[in-house]
Every structure is written in structure tokens, then in C-alpha cells.
Amino acid sequence: MSHTEADLVQILHTGPFHLALRTALAVRGLPLQRVQHHLAHRGVKVGVTSLSYWQQGARRPQRPESLKAVRVLEEVLRLPGNSLLRLLTDDTAARSEVERPAARSYRSLVEASGSVEELLAELESPTDGGLHTVGHHERVRIGAGRELVGRESQHVVRAHRDGVDRYLAIHHGDPGCDPSRVAVRAVENCRTGRVRWHAGTGVLIAELLFDARLRAGDTYLFSYGFEDGTAGPSGEYVRGFSFAGGQYVLQVRFDEAALPVRCRRFAQASTGAPRGGRAELTLSGRHRTVHVVEQGVRPGILGVDWDWT
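Only a predicted model underlies this, so the values are computations on that prediction, with no experimental measurement involved.

A. Highlighting the overall build of the protein chain. When helices and strands are tallied, the protein chain shows seven helices and 13 strands. For the protein chain, buried positions account for 47% of its 309 residues. Across the protein chain, every contact between residues at least 6 apart in sequence was considered, and the portion connecting residues at least 24 apart equals 71%. Surface summary for the protein chain: the accessible area is close to 15,100 Å², and the carbon and sulfur share equals 47%.

Laid out in C-alpha cells, this is it:
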């Protein structure tokens, strides 16, 4: 995966050390042999194998001479002073693998959790897909018959283990949804793999295959959507979050022939918990949309509901 200067700034802040070093090497375009040459020119001897181990997370520089090499590495890679050394002394960032965020179970987030778990097992997918969300912008469309017409997502994820090459997108239609008639659209940087559904609950799971196999710490941006329109009137849209962190933006657009009289944001700790965090949302006149922005998502449920009369 290619990295940008912005990626480097972020990872220098969050760590871990090996990912920050690997990203800096990629952004600066320096092969390890060239880095070794620059270090030697400054009187520091480090083998290419050691540098390789450091950027992979297989080993961490700990001895005084290794820490001196890291300080010189900051100069060679044109990084702020102590930016790499700080990560080595940070207990959270010093782990040899990107830390996996604490996750919530589907059972606490989805009413039809049994169907979801059954379909995941059929797709031979572990509960932890190896990805957590960095940013998610979702657009939902409500039609003239008050039905959920479809939704599109632009999704940015980060891998917390090596070898991840797919994402499982879950669509839970409104009552009366026929998941066999729901169309999956792979829009950008992915393609549709296996699709499974459960007719009784209106749940559909689509496998979205990436164009690259990710390493721990890599980010990936992809877009996809679902075309539905098979159910009756819709009164809400909800999104469950297994992991904390990342930004979520939800926009709901209504057809001009079917405008709600009231829209509200809400949050829930789980499917059985009372809804809180209520806030009235104003429907924009020209574009007929409402939206919510959550800067730091917490595990649980976030959504928008509305009244037709």
C-alpha cells in the first residue's frame, strides 16, 4: 500500500514504532541499503537485516547503540526529533503488532444477530475480520413510497493483522425486505465476492474483495452500496459499531414526494437498551437531507429515526 505525508504524520502520533518506521521509509522512498549507507556516513553501524526486523515489528531497538541509531534515523528520514524514540517508550505503541481494538459482539448490536452469525459461519469468517474503521461516510436514500431505496458507503479501514484482503458488508432491510432481490454494488477499490442472505430476517451479507492484501497497520479506502426498495415504509436507519474510534457520517435523503414531519438522532448502548442522545435534526429545504456526524465512535448503536405524520 502507498502512504502519504498525511499518513506519516498520523502514524507518528499514534504508532506503533515499526509501522511509523515502515511508513517513513515508504514516504521518503529510501530502500534499506540506502538508509544503512546514510547511517554509516554518520558513524552508526546497523545491518540491513536489523533495519528490516525493526520495520516488520519482529524486533525492537533496545540497546543503547540501537537507540542511538534510531535518533540518527530520525535525521535521515527528516522526522521531528524524538518522534520515533517516543514510540519506543510508549507502552501502548511498543507492542510488536498493531493493537486490536476491543470489540462488541453482533448479539448486542443487531436484533437479527442469530442470522448474522449463521451467515458469517457459512462464509467461514471469524467474528474479528481483522479490520477496524477509520472513517465511514454513509448515504441513505428514502423513496417516494417511504421505502429504503438504497444506501452507499465510502469506507476507510485499518488492518490490525497481516493478510486481510476482504470486508464483509451487512445489510439489514426493513420489515418485508426480500434480500434475494437486493443488489450489491462494488464501486471503488473492491469487487463483489460471495453473497449470502436470510429471507426470514431480511439480512444480507456481501463479501467485498480488496485489490490488495493488507499488512497490519495498512489503511484501505473502498466504496460499495446496496440497492433495496423491496420493503414497506421505513421509519429509521441504524448502524451498529463493534469497535471504538473513527469518524462516522450518516446522511439520509428523502424523495420530494415523501417528506417526514420530524427527524431525530439517537444512540443506544445495545439493542435492548433505551434510546438516548436524542437531538432534533432539521431537514434541508433544497436537498431534503438530514445528517449526523460522530467524530469518535463508541461501541454501540447510532441512528436517525423520523415520523411521517
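There's more to say after this.
B. Summary view of helix α5 (residues 64–76). The terminal C-alpha atoms of α5 lie 19 Å apart, and with 13 residues this matches the ideal 18 Å at 1.5 Å per residue to within 8%. Its buried side turned inward, α5 meets α2 (17–28), α3 (32–41), α4 (48–56) and α6 (83–89). Positive backbone phi, approximately 55 degrees, marks arginine 78, located one or two places after α5.

C. Region of the structure containing the pairing of strand β1 (residues 131–142). Two strands pair when backbone bridges link them, and β1 and strand β2 (residues 148–159) are joined in this way by eleven bridges, in the antiparallel orientation. In the sheet register, arginine 141 faces β2, and the bridge partner there is glycine 150. Sheet topology places β1 next to strand β9 (residues 247–254); eight bridges connect them, and they run parallel. Residue glutamate 138 lies in a different strand from β9, and its bridge partner there is leucine 250.

D. Inspection of the sheet that holds strand β11 (residues 276–281) at higher detail. The strand order across the open sheet formed by four strands is β8-β13-β10-β11, and the pairing between neighbours is antiparallel. Only two strands of the sheet have a single partner each, and these edge strands are β8 (236–241) and β11. Between one strand and the next, the sheet's axes are offset by a mean angle of 15 degrees, whatever the strand orientation. Examined bridge by bridge, strand β10 (residues 262–268) and β11 share four bridges and lie antiparallel to one another. The partner of arginine 264 across the bridge, within β11, is glutamate 280.

What counts as what
Residues numbered from 1 in each chain as written. Predicted model: local features only at pLDDT ≥ 70, side-chain atom pairs only at ≥ 80, totals over all residues. Heavy atoms only, no water. Helix = DSSP H or I, 4+ residues; strand = E, 2+ residues; numbered from the N terminus. Buried < 20%, exposed > 50% of the residue type's maximum accessible area, 1.4 Å probe, protein only. Contact = heavy atoms within 4.5 Å. Areas by Shrake-Rupley, 256 points an atom, 1.4 Å probe, with all protein chains shown as cover. Expected span 1.5 Å × (residues − 1). Pairing = 2+ DSSP bridges. Axes fitted to C-alpha atoms, helices over the stretch in contact; angles between N-to-C directions.

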